[in-house]
Structure formats: structure tokens, C-alpha cells
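Fold and contact review
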Amino acid sequence: MTAGAWPAAAAAARAAVRTLGRLVPRTHTHSTAATTNSSPSSPAHTLDDYNRLLAALARDGDGESALRVLRRMRHGLPAACAPTAASYVSAMSALAKAGRAADATALFDDMLAHGVAPDRRAYSLLLHVYSTHLGLPAAGLSVLHWMSGLGVRPSAVDYADLIFSFCRAGQLPDALQLLDEMRELGYPLPPHVYSPILQAHCDAADIPAAEALIAFMRASGGRSGCNPDVVIYNIYIHGLCRVGDFHAVQRVINDSVWNWWVPDAVTYSTYVAGLCRAGYIEDAFRQLDIMVAKGLQLTVVGLNILLDYAAKDVDMWVAKEVMERCEELGFEVDVVTYNTVMEHFSKKMQWLIALRLFTDLLKKPITPDVQTYNILISSLCRAGKFELAKFVFSCNGFVADTVTCNILIHQFYGAGKEGELGFLFSDVDAGKITPDTITYNTLVDCLFRSGRRTEAANLVRHIDGGYPAEPVAHLAFWLVRSGNVREALSLFDDMLVKGVALDAMVFANVIKAFCRKGPGECTDMTQLCSVLDRMLGIG
């Protein structure tokens, strides 16, 4: 079925549900009265009609409706319309697609309880749900053994599901054992069966094992159809990039013509991203030129990584030029692309360029996200455009988050404009924004820097029941640094009285504050000893 046919199938399924009418209520309990009453004038429907309906609901992922239809078949219809294995398989598939994998496995047990014999599809689906949806490869393997014991031969897809699941669970020996079993049973071994095993080797940085696996595939490719393809080589190249063996990457690409595969956009994007992460930006740009010459486009993820590292290691203007050039070449750019470049200009106080990039984004079919607005607000505040920042905050469609809150507190307090933050705190009080630890740390820092020591201490005493570790550590640092050691001792006493432990973070910040004060005098050392004694419970 084509992608465009899915909505039509879903609509047809819903229409069929309405046509069947008077299904049982949306509940998991069975009501005999609700399921047996039907109008004498209701049209007769065959088992095939109900199974076609269930198949449509399975494609639509409508698990609840599938359950209702199944209960109707089981309790409210003639025996000729009793559910078959195919009916249960469709309902299980609908539940799994709806994210109700555990309910799908329970429905298999229900099928057995009602005397319906599972067929191969039912066993395979149960195995798939355990291994892929629930991430329980051992349970999936039990189903495979169960099938074999009943004389139901598992398919190659069943084995592939289990191999993938064991690899994802980090149980590579089990996956390799299943691969050997497939080979002994004469199953075809296409590349996708090997790919999770290769991925596991690369994730473990076991490049020799990855090379040996690819060599084995090449050696047996002619007779078993498992010759490595571009997906296999892309996984391998990603593993080589992770360990920084770029000479091997280049060799693999150079030898591609002899090994019957063609590097694609993912190949080069992976290579470019790996070079960037290793700091080889010029080499990354050379690979970009090769891609363009071959008519390939960087993936959007690869482009964003290139722009990020180019802006940090080369120049933000170079990153901007690359982005503009990529747009001219038809490369896909997204909101992350703009965010990446905008953030670098914002950090360099080039707020006008950041604003221009934002307006350019609005002209494109790209929707700015909360990070875009946060970068813009930060840029405006750094440029002293606080009224404009407040205007952006209040724009329709922008839902501020905790990061927005932290940016505004830091910038407004730093500029001595904390009295203008009523618009922000009203949203916090209304529950639209939930402060986090960084929010409170920022408030403590800002209050202390602005000379409002008592307010900072009171804030810490009343956050979430009092004395969270990080804000206490920040407050202790400022109290000691500013010479208010007695107040720090009082704070620690209050905490101990209330049964709040002094953790290592507070200890470290106190030491740091004394060190920042410079060479200690006798008085300072005495105070430090008093603090340490108090923290260790000696004083």
C-alpha cells in the first residue's frame, strides 16, 4: 500500500466500525448485555468482513478499536464469526503499533485460553513483540524454541529480529550463536542480518573483529548473498571514525570500486563529521568539495556538525558562508543549522548578525524552536536591547522554558534591571515555567553580586523545603568569599538542626572560596578550621 493510501485505509476502518455498530463499550471488562444485544435488522457480516476490519485497524495502529471488535466477535456474534488466529494477529499488531506491547503479549495468552491455535504468524509476531518492542530477547528466544518444538519452523526474519535484539541488549555471544544456527540451517544471510553484529563490534571499538566480519562476508558473498553493501561499509566507517583511523577510512572508500559498493551521502557525511570531531576541519572541507563534485549532499546532521566545528575552530564567518553556499547548492538545512550559526554569532556579541539570521529563517519554511528564541533573547540582552528581549518573550507562539528563564535572570540582574523581571516571575508563579537548580544557582549568584546577601540566604532556606545542595554550595562560596564566615557557620548550623547533611559540594566550594581570598592570615585559617570542624561534625 502506498503512503498516500494510509489515510484512506484509516478512514475506511473507522467507517467500518460505525457500520458494524453497537460494539461493546470502551472497557476491558466484558458486559454480556452490551455485547449480545443486536438489532434483528442489522446486516449480516462474515468472518472475512471482521478480519478485513481488524487488518485495517492494525495498519492504523488503533489498538482499542481492535480489542472492541475482537470482543464483539467472541461474545456477540454467531459461532461462524468467532475469532481465528488471523483475527488475534491483527489485534496484537494493532496493540503493538499503538505502543501497548505488553497488552499484545497478554492477548496471545488470551488466544490460547479461548482454544484458538496460534499459527506461524502469531508465533512470529509474539517473538517480534518480545524482542523488538519490549527489548526482551531471552523471552523472544523462548518463543523461537517453543515454535521449533511444535514443528513450526522459524523464519529468517525471526532470527534477524532476535539477533538485532541481543545486539542491542549488549549480548553479542547470543547473537553470534543465532547467526551460526542460521548458517547451519541454510538460511539466507543478507547484509542486514550482519549489520547489528558489525554495529556491536564498532560500538565496542573492536575494529579487528569488525574487519574480520566484513572479510568473511566478502569471502562468502557469492554463495550466500551476503556481500557487504553500502550500509555495512557506512557502519564500519563510522566505527573507524570513532577510533580516529582516517587513513583506514580513506582506504575503504578508495577500494570501494573493487569491492562492489558505491559511497553515498551518508558515507561522506560520516567521514566529514568524524574529521570535524577530531579537529581536522580543513580535511573535512576537502571531503565536502569531493561530495559536491560527485553530486552528493551532506546529510543535515553532517552539515550541522561541520558548521559547529567550523565556527569554533576556524571562524564563524566561514560557517555562515558555508551555510549560505549549501543553501545555494540545494543542501537541506533545518532549524538546528540556523541555531548552530546564530549561537556562535551571539557568543561573539555579533547580535545584529544573529538577528539577521533569525529574520532569514522566518522567510523559509522552517519553524523556529525554543532554542532559536533563547539564542535571540540572549543576543538582544547582551546587546542591551532589553525591551526588545521582553517583546520577543511575549510573542504569540513562543512558549518559554527554564533555559529562557535562566537567561533572562542572568542578563537582567547583570545589568541591574532585576526590577523589570516581573513579566518573567509572573509566568513562574503561574506554573508556566518550572525553575531548576540552575535557576536557583543563578538567582543566588545574582542576588549576592547585587549586595542582597540576606535575600540570597532566605531564598536558599525556602527552596523546595529548604537547603538544596547546589544553591547551598553557591551561597557558602559567596559568604566565605565576602568575609561573612559567621553567617556561613550559622547556615550550616541551621542545616544540621533540620537534619540536612553537608555534602562534598559544599565542602569543595568553601575550600575554593578560602583559596580565592589569597594567602591566608591567621584569622582566615582559624575561620577555615571552624568551618571544616562544623562540616565534619566536630564543632
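As the structure is a prediction and not an experimental result, all values here were calculated from the model.

A word on the overall build of the chain. Helices and strands together make up the secondary structure of the chain, namely 30 helices and 0 strands. Expressed as a percentage of the 539 residues in the chain, the buried residues total 46%. The contacts of the chain with a sequence gap of at least 6 include a subset with a gap of at least 24, amounting to 62%.

The next subject is the packing of aromatic side chains. One pass over the full model with this rule turns up 14 aromatic pairs. Ring geometry for phenylalanine 393 against phenylalanine 398: centres 6.4 Å apart, planes inclined by 85 degrees, an arrangement best described as edge-to-face. A single burial state applies to phenylalanine 393 and to phenylalanine 398, both of which are buried. Linked through ring pairs, Phe358, Tyr373, Phe386, Phe393, Phe398, Phe412 and Phe423 together constitute an aromatic cluster.

Next up on the list: unusual backbone geometry. In this structure, alanine 205 is a non-glycine residue whose phi angle is positive, near 60 degrees. Its place among the elements puts alanine 205 in the loop between α11 (191–203) and α12 (207–224). What makes alanine 205 partly exposed here is its relative accessible area of 45%.

Low-pLDDT portions of the prediction should not be read for the details of their coordinates. When pLDDT is averaged along the chain, the result is 81, and 83% of the positions lie at 70 or above. Across residues 1–42 the pLDDT falls below 50, and counting only partners more than four positions away or on other chains, this stretch makes 55 contacts in the model.

Turning to the UniProt feature "repeat: PPR" (unreviewed entry) in the chain, a few remarks are in order. Those residues carrying the UniProt feature "repeat: PPR" (unreviewed entry) are residues 84–118, 155–189, 264–298 and 334–368 in this numbering. As a span, residues 155–189 carries 74% helix and 0% strand, and end to end its C-alpha atoms are 12 Å apart.

Glancing now at helix α23 (residues 402–414). End to end, α23 covers 18 Å across 13 residues, agreeing with the expected 18 Å (1.5 Å per residue, within 8%). A large share of α23 lies buried, amounting to 10 of its 13 residues. Looking at α23, one finds that the buried residues are Thr402, Thr404, Cys405, Asn406, Ile407, Leu408, Ile409, Gln411, Phe412 and Tyr413. Capping the start of α23 is the job of one residue whose side-chain oxygen sits 3.2 Å from the backbone nitrogen of valine 403: aspartate 401. At the C-terminal side of α23, glycine 416 shows a positive phi close to 70 degrees.

A cluster of nonpolar residues, Leu112, Trp146 and Leu150, forms a patch on the protein surface that exposes about 270 Å² of accessible area. Note that leucine 112 resides in helix α6 (residues 101–113).

Next up on the list: the packing of helix α10 (residues 172–184) against α11. As a packed pair, α10 and α11 sit with axes 11 Å apart at the nearest point and diverge in direction by 150 degrees. Between α10 and α11, the angle falls in the class roughly antiparallel. α11 is crossed by α10, and the crossing has left-handed handedness. Contacts from Leu172, Ala175, Leu176, Leu179, Met182 and Arg183 in α10 reach Val193, Tyr194, Ile197, Ala200 and His201 in α11. Along the lines of polarity and charge, the residues of the contact of α10 with α11 split into 9 nonpolar, 1 polar and 1 charged.

Using the criterion set out here, one finds 12 salt bridges in the structure. Note that glutamate 420 and lysine 390 form a salt bridge whose closest N and O atoms lie 3.9 Å from each other. Of this pair, glutamate 420 sits in the loop between α23 and α24 (422–429) while lysine 390 is found in helix α22 (residues 386–393), placing the two residues 30 residues apart along the sequence. On the basis of relative accessibility, which here comes to 30%, the residue glutamate 420 falls in the partly exposed class. According to the relative accessible area criterion, lysine 390 is partly exposed, its value standing at 21%. Between glutamate 420 and lysine 417 there is a salt bridge whose closest N-O contact spans 3.7 Å. Connected via shared salt-bridge partners are Glu387, Lys390, Lys417 and Glu420.

Attention now moves to the side chain of glutamine 287. Here glutamine 287 is to be found in helix α16 (residues 281–293). With residues up to four places along the chain from it excluded, the contact list for glutamine 287 reads Gln250, Tyr268, Tyr271, Val272 and Leu275.

Thresholds, definitions, all that
- Residues numbered from 1 in each chain as written.
- Predicted model: local features only at pLDDT ≥ 70, side-chain atom pairs only at ≥ 80, totals over all residues.
- Heavy atoms only, no water.
- Helix = DSSP H or I, 4+ residues; strand = E, 2+ residues; numbered from the N terminus.
- Buried < 20%, exposed > 50% of the residue type's maximum accessible area, 1.4 Å probe, protein only.
- Contact = heavy atoms within 4.5 Å.
- Phe/Tyr/Trp six-rings, centres within 6.5 Å; stacked < 30°, edge-to-face > 60°.
- pLDDT = per-residue confidence, 0-100.
- UniProt positions renumbered as here; feature names shortened; annotations may be inferred.
- Expected span 1.5 Å × (residues − 1).
- Polar contact = N/O pair within 3.5 Å; in protein donor to acceptor, adjacent residues only side chain to side chain.
- Patch = residues over 30% accessible without salt bridge, like charges linked within 9 Å, V, L, I, M, F, W, Y side chains within 5 Å.
- Areas by Shrake-Rupley, 256 points an atom, 1.4 Å probe, with all protein chains shown as cover.
- Salt bridge = Lys/Arg side-chain N within 4 Å of Asp/Glu carboxyl O.
- Axes fitted to C-alpha atoms, helices over the stretch in contact; angles between N-to-C directions.
- Parallel < 35°, antiparallel > 145°, perpendicular 65-115°, else oblique.
- Left-handed = near helix turned anticlockwise from the far one by under 90°.
- Nonpolar A, V, L, I, M, F, W, Y, C, P; charged D, E, K, R; others polar.

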